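Architecture at a glance
So you can see what is in the structure, the chains are spelled out below.
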Amino acid sequence: MTYDQIDERKAYVERARASFHDNEADWTHPAPAHEEPALGKTFTLRLVLGLLLFLLFVLADVTDHRIIGFSTADVAEEITAKEDYTNLEKYVMMLLADN
C-alpha cells in the first residue's frame, strides 16, 4: 500500500466512525416533560415506611410490648397461617388441571 492509499483508508474509516456519532435528537421518542427517578417518590416512601414498621416490630419483640393488643408472636402466627395460601394453591391447581 502506498501512503496515499493509507491516507484514503484512514479518511474512509473516520467517515464511517463519524456516521455512528449522530448527535441529532431522536424524534421517535419525545423528551420527558420533567425529570423523575426511575422508581419514583412513592417507592422511597414505601421503603421508609416498611423499614419503620419492621423496626417497630423488632423493638416490640425485644421489649415484649404489645401493639394494639397483639404480641409479636400473634403477628408472626397470622403471617405464617396458610389459610389464604392453600385456597389460592387449590384454585391454581384446579386451573392447571383443566389445561
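These notes cover the structure that comes with them. (Residues numbered from 1 in each chain as written. Predicted model: local features only at pLDDT ≥ 70, side-chain atom pairs only at ≥ 80, totals over all residues. Heavy atoms only, no water.)

1. Focus on the overall build of the protein
In terms of regular secondary structure, the protein is built from four helices and zero strands. Counting from the amino terminus, the protein carries its helices and strands in the arrangement α-α-α-α. Here the protein, with 99 residues, has 4% of them falling under the buried criterion. For the protein, the exposed surface amounts to about 10000 Å²; the carbon and sulfur share of it is 62%. (Helix = DSSP H or I, 4+ residues; strand = E, 2+ residues; numbered from the N terminus. Buried < 20%, exposed > 50% of the residue type's maximum accessible area, 1.4 Å probe, protein only. Areas by Shrake-Rupley, 256 points an atom, 1.4 Å probe, with all protein chains shown as cover.)

2. Regarding the pattern of salt bridges
Working definition: two side chains of opposite charge can pair if their charged atoms are close together. What the rule picks out here adds up to two salt bridges. Between R66 and D74 there is a salt bridge, with the nearest N and O atoms lying 3.9 Å from each other. (Salt bridge = Lys/Arg side-chain N within 4 Å of Asp/Glu carboxyl O.)

3. Some points on a nonpolar patch on the surface
Side chains of V48, L51, L52, F54, L55, V58 and V62 sit close together on the surface and give an oily, nonpolar patch of about 650 Å² of accessible area. As for its position among the elements, V58 is in helix α2 (residues 40-63). Owing to a relative accessible area of 33%, V58 belongs among the partly exposed residues under this scheme. (Patch = residues over 30% accessible without salt bridge, like charges linked within 9 Å, V, L, I, M, F, W, Y side chains within 5 Å.)

4. Some details on unusual backbone geometry
Located in the positive-phi region is D64, a residue other than glycine, with phi close to 55 degrees. The topology assignment puts D64 in the loop between α2 and α3 (72-80). Classification of D64 by relative accessible area gives exposed; the value is 66%.

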